[in-house]
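Each chain, written out:
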There are 2 protein chains.
Amino acid sequence: MFFRLTTLTGIVLLFGAIGMAQEVAPVEDWKPAITNQEGKEFPQVNSEGRVKLRVVAPDATSVSCSFRDSSAFVKDEKGVWTGYTRPLDEGFHYYTIKIDGAEVPDPNSKYYFGAMRWGSAVEVPAKDKDFYALKNVPHGQLREVLFYSESTKTNRRAFVYTPPGYDRDLEKRYPVLYLQHGWGENEYGWGGQGHASLTMDNMIADGKAKPFIIVMTYGMTNDVRPGGMGNFDISHFETVLVKELIPYVDANFRTLADQPNRAMAGLSMGGMETKTITLRNLDKFSHIGLFSGGSISMDDMKNTEGFKEKVKLVFVGYGGKEIGGGGLRRGGDPEANAKSLKEAGINSHYYVSPETAHEWQTWRRSLREIAPLLFARSHE
Amino acid sequence: MFFRLTTLTGIVLLFGAIGMAQEVAPVEDWKPAITNQEGKEFPQVNSEGRVKLRVVAPDATSVSCSFRDSSAFVKDEKGVWTGYTRPLDEGFHYYTIKIDGAEVPDPNSKYYFGAMRWGSAVEVPAKDKDFYALKNVPHGQLREVLFYSESTKTNRRAFVYTPPGYDRDLEKRYPVLYLQHGWGENEYGWGGQGHASLTMDNMIADGKAKPFIIVMTYGMTNDVRPGGMGNFDISHFETVLVKELIPYVDANFRTLADQPNRAMAGLSMGGMETKTITLRNLDKFSHIGLFSGGSISMDDMKNTEGFKEKVKLVFVGYGGKEIGGGGLRRGGDPEANAKSLKEAGINSHYYVSPETAHEWQTWRRSLREIAPLLFARSHE
């Protein structure tokens, strides 16, 4: 939004800000990022949330990165370029580096799928990172499964999180959460940068959430180009999910295969998918989670037969830095909607992630917040 | 080895070869590689096994790739560089691109761990690629598990392949193959570029292999730098595998948890690990597979108490293009060793992968060859 200012005041502010970014020296407490490849010293992150990048490019004349307002990259006598970013929000950020006009992944980073490509990302440690830390608690499994989809004539991938103990007590059956990524992302997101498994392992160990299965598959959202969401036909994915994947999961995992024990949640465009699919299939889903992806209004409720009887939870989460944007209010103010639903007797929850935007830290926290609410009232 | 020639003849040959590579025009039947990121048209592979790379680098003055004897990269008026390789062996090859001296991953490729980094690779379709093709057959699962290792005080990752049907018949128990990657690689290799799951799914569907579990974990081989193998202390990994991972797997999966039903195999340095660990732990392992990683001699047999009674299979595989190299014969000629063992009454098999070198196509085929031999004589 910064660069959209076109008034004279805006231009003055713009130059002022760039000048300032260059003047203020970063705090020199850099540490290697946890998103680095094994043994790599860079990228580094400091206590301000700045990221310092290092690129070995001896013959290059220009090196930069995709983070706006970054410092100029400086080349040393060995041909090593370094530059650093403005302070970033805590959490996970995709980026690229640019070497003489070529936009490429940083060879020092691990690779994640987002923004429509496998590429670099960096983690700025969050104050609350403990909830998805790898601890010595009982761990569930993240399983890659392939299921055949008759409607698309393809073998499709899903990841299935099974909670700790799933393979020990072979009598026990579990509720299921279908959990969707956003536009530009895919089925690897929640199990990778989303840390869904570790979040659940930790919450189950602490007694904060009931054990449940999580199923993550590709939401076919990337057929939609930015700005062209109006053309997205959700029915293809709805068929894959409702008619093919759910029966596959119920046949191959020890699920509680009924409506009270089935939830769907998703982030951003996955939230929009969740809203559409759950409201059209309330015989299948009882718990609904929308993370930075719309909300459910009184009109939605009134227009959906059986809503009040069938819906056991509506959870809406947003990042504190993204609320207020006009686009996000399509369908009404999410907080007001959540409040109206609650007053109408729905189990409605609204969550705002402090100081985060439309990014993974918002969605990791949204999962943490929804988990204790899922299937809390179901009986097994 | 080509560039090691220092005689006048060598230099003449060298220049001759480069000249030839530039003169022969590639066959123009390029197709996008299956290792490309979704929707990317490059890299492309032709029927000769050449790979054509494309790099958008408008301001660069030099672009190249890590495949030796590649063509010069040519820049068009839009700043797009293209170049192509010599004909490569069929199978899977790691590579990097270089832009004005910066060695980076190709943004068009998916990323794989090998050569000590997550980076680019390209698949040259093999004539026998069908055995690891994704087909509409019952599929097993590839599970990411985390186990606590007391000896290293770390939570460690393993991937566990469970065969089709594992979650349906909850009474059935399975033999287990512990399968190791090579130096510079990690626990993602066999489940990723190794296509172990698809190979097994297809072979089980065809009745060519018995269903068994495969366990893949990090062999700690990357602590050894090239040329420094003498310093590698295998005992740390041996403890993790034998004292920690095996009990974990036997406690958390429905294994046949006895020596006749436990195998170990590995590629390259993972083969060396397999040889050392199995021969030291014949109370734990009955089936041994070495893929491009040494062989077992009569001396080995004689020096290992109980070998003849306890070892039910010795499988040795190599790539046709790598045998004959002096380094690989350490411990004796593998074919002669295999023959001697067989004559001594051991169930000994020797396999040579046609026209492949020290690369994944050799190891994929080695898995295909060993699979029918594993646990073939065990009773459940």
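Residues numbered from 1 in each chain as written. Chains lettered and ligands numbered in written order. Predicted model: local features only at pLDDT ≥ 70, side-chain atom pairs only at ≥ 80, totals over all residues. Heavy atoms only, no water.

1. Quick look at the overall build of chain A
Of the regular secondary structure elements, chain A holds 8 helices and 19 strands. Counting every position in chain A, which comprises 380 residues, the buried fraction comes to 56%. (Helix = DSSP H or I, 4+ residues; strand = E, 2+ residues; numbered from the N terminus. Buried < 20%, exposed > 50% of the residue type's maximum accessible area, 1.4 Å probe, protein only.)

2. Describing the relation of the copies chain A and chain B
Screw-axis analysis of chain A against chain B gives a translation of 0.0 Å along the axis, an RMSD of 0.0 Å, and a rotation angle of 180°. Here the copies are linked by what is in effect a two-fold axis. Considering only C-alpha atoms, the residue of chain A closest to the rotation axis is R143 of chain A, which sits at 2.1 Å. A symmetric contact is evident, with 100% of the interface residues of chain A recurring at the interface of chain B. (Least-squares fit on C-alpha atoms with pLDDT ≥ 70 in both. Contact = heavy atoms within 4.5 Å.)

3. Topic: the packing of helix α3 (residues 235-252) of chain A against helix α4 (residues 269-280) of chain A
Residues and elements named next belong to chain A. Where α3 contacts α4, the axes come no closer than 11 Å and their chain directions differ by 60°. With respect to α4, the axis of α3 lies oblique. You can see that α3 and α4 cross each other, and the crossing is right-handed. Residues F237, E238, L241 and V242 of α3 touch α4, and the partners they reach there are E273, I277 and R280. Its residues placed into classes, the contact of α3 with α4 shows 4 nonpolar, no polar and 3 charged. (Axes fitted to C-alpha atoms, helices over the stretch in contact; angles between N-to-C directions. Parallel < 35°, antiparallel > 145°, perpendicular 65-115°, else oblique. Left-handed = near helix turned anticlockwise from the far one by under 90°. Nonpolar A, V, L, I, M, F, W, Y, C, P; charged D, E, K, R; others polar.)

4. Quick notes on the interface of chain A and chain B
On the side of chain B, 41 residues touch chain A, which itself brings 41 residues to the contact. For the pair chain A and chain B, the two sides together bury roughly 3,500 Å², of which 56% comes from carbon and sulfur. In this assembly, chain A and chain B are joined by 2 salt bridges. Where D167 of chain B meets R143 of chain A, a salt bridge forms, and the shortest distance between an N and an O atom there is 3.2 Å. If you look at where chain A meets chain B, you find 14 residue pairs in polar contact (both at pLDDT 80 or more). Breaking the side of chain A that touches chain B down by element, the ones donating at least two residues are β9 (102-104), β11 (117-124), β12 (141-149) and α3 of chain A. At 7 residues, the largest contribution of residues to the side of chain A that touches chain B is made by β12 of chain A. Inspection of the sheet shows β12 of chain A paired to strand β12 (residues 141-149) of chain B by 3 bridges, in the antiparallel sense. Each residue of the ladder has a partner; that of L142 of chain A, found in β12 of chain B, is E144 of chain B. (Buried area = accessible area lost by both parts, 1.4 Å probe. Salt bridge = Lys/Arg side-chain N within 4 Å of Asp/Glu carboxyl O. Polar contact = N/O pair within 3.5 Å; in protein donor to acceptor, adjacent residues only side chain to side chain. Pairing = 2+ DSSP bridges.)

5. Remarks on helix α2 (residues 196-205) of chain B
Burial runs high along α2 of chain B: 9 of the 10 residues are buried. Along its buried surface, α2 of chain B packs onto β12 of chain A together with β12, β13 (154-162), β15 (213-217) and α8 (360-370) of chain B. G207 of chain B occupies a position one or two residues after α2 of chain B and carries a positive phi of about 70°.

6. Description of the pairing of β12 of chain A
Residue and element names in this part refer to chain A. Among the 9 residues of β12, 7 are classified as buried, and the element is accordingly described as predominantly covered. Judged from the 9 bridges that link them, β12 and strand β13 (residues 154-162) form a sheet pairing that is antiparallel. Each residue of the ladder has a partner; that of F147, found in β13, is R156.

7. Concerning the side chain of T96 of chain A
Residue and element names in this part refer to chain A. You can see T96 is positioned in the loop between β7 (91-95) and β8 (97-99). Residue classification places T96 among the buried residues on the basis of a relative accessible area of 15%. Side chain to side chain, T96 and E103 meet in a polar contact 2.7 Å long. Those residues in contact with T96, other than ones at most four positions away along the chain, are C65, S66, E103, V104 and R117.

8. Remarks on the pattern of salt bridges
Within this structure, the stated rule accounts for 40 salt bridges over all chains. Residues E123 of chain A and R364 of chain A are paired through a salt bridge, measuring 2.7 Å at the closest nitrogen-oxygen approach. In this pair, E123 of chain A is assigned in strand β11 and R364 of chain A in helix α8 (residues 360-370), connecting sequence segments 241 residues apart. Here E123 of chain A matches R364 of chain A in class, with each residue buried. A salt bridge links E150 of chain B to K153 of chain B; the shortest N-O distance between them is 2.3 Å. You can call K153 of chain B exposed: its relative accessible area is 55%. Beyond isolated ion pairs, a larger network of salt bridges with shared partners links E90, K127, D128, R365, R368 and E369 of chain A.

9. Examining the packing of aromatic side chains
Residues and elements named next belong to chain A. In total, this model carries 35 aromatic pairs over all chains according to the counting rule given. Judged by centre distance (5.1 Å) and plane angle (75°), the rings of W118 and Y188 are edge-to-face. With W118 in strand β11 and Y188 in the loop between β14 (176-180) and α2 (196-205), this pair connects stretches of sequence that are 70 residues apart. Relative to F291, the ring of W190 has its centre 6.0 Å away and its plane inclined at 70°; by these criteria the two rings are edge-to-face. Here F291 lies in strand β17 (residues 287-291) and W190 lies in the loop between β14 and α2, a separation of 101 residues in the sequence. (Phe/Tyr/Trp six-rings, centres within 6.5 Å; stacked < 30°, edge-to-face > 60°.)

10. Some details on the sheet that holds strand β10 (residues 111-114) of chain B
Residues and elements named next belong to chain B. Strand order across the open sheet formed by 3 strands is β7-β11-β10, with antiparallel pairing between neighbours. Because the sheet does not close on itself, it has two edges, and the strands there are β7 (91-95) and β10. Each neighbouring strand pair of the sheet contributes to a mean axis angle of 55°, computed without reference to strand direction.

11. Overview of the domain arrangement of chain A
All names here are of chain A. Considered domain by domain, chain A is made up of domain 1 (25-125) and domain 2 (130-373). Between the C-alpha centres of domain 1 and domain 2 the distance comes to 31 Å. Contacts between the two partners involve 13 residues from domain 1, matched on the other side by 18 residues from domain 2. Between domain 1 and domain 2, roughly 1,300 Å² of surface is buried when both sides are summed, and carbon and sulfur atoms account for 49% of that area. It is D89, F113 and M116 that lose the most area in domain 1 upon contact with domain 2, and together they represent 41% of the buried surface on that side. Linking domain 1 with domain 2 are 3 salt bridges. As a salt-bridge pair, E90 and R365 come within 2.8 Å of each other at their nearest N and O atoms. (Domains from an automatic or database assignment.)

12. A word on the sheet that holds strand β1 (residues 31-32) of chain A
Strands belonging to one sheet form pairs held by backbone hydrogen bonds; the direction of such a pair is parallel or antiparallel. One open sheet holds the 5 strands; their spatial order is β1-β2-β3-β6-β5 (chain A), and the pairing between them is antiparallel. The open sheet is flanked by β1 and β5 (74-75) of chain A, the only strands paired with a single partner.

13. Observations concerning the environment of G189 of chain A
Mapped onto the secondary structure, G189 of chain A falls in the loop between β14 and α2. Residues within four places of G189 of chain A in sequence aside, it is in contact with G194 and W360 of chain A.

14. Remarks on the pairing of strand β16 (residues 262-267) of chain B
All names here are of chain B. With 6 of its 6 residues buried, β16 lies for the most part within the structure. Side chains R262, M264 and G266 of β16 all project onto a buried face; the interleaved residues A263, A265 and L267 project onto the opposite face, where all are buried too. Taken together, the 5 bridges between β16 and strand β17 (residues 287-291) define a ladder with parallel strand orientation. Bridging from a neighbouring strand, M264 pairs with I288 of β17. Handedness of the β16-helix α4 (residues 269-280)-β17 crossover: right-handed. (Right-handed = clockwise from strand over helix to strand, strands pointing away.)

15. Digging into the environment of Y351 of chain B
In this fold, Y351 of chain B is placed in strand β19 (residues 348-353). Sequence-distant contacts of Y351 of chain B, defined by excluding residues within four places in its chain, comprise F315, V316, G317, Y318, R365, S366, R368 and E369 of chain B.

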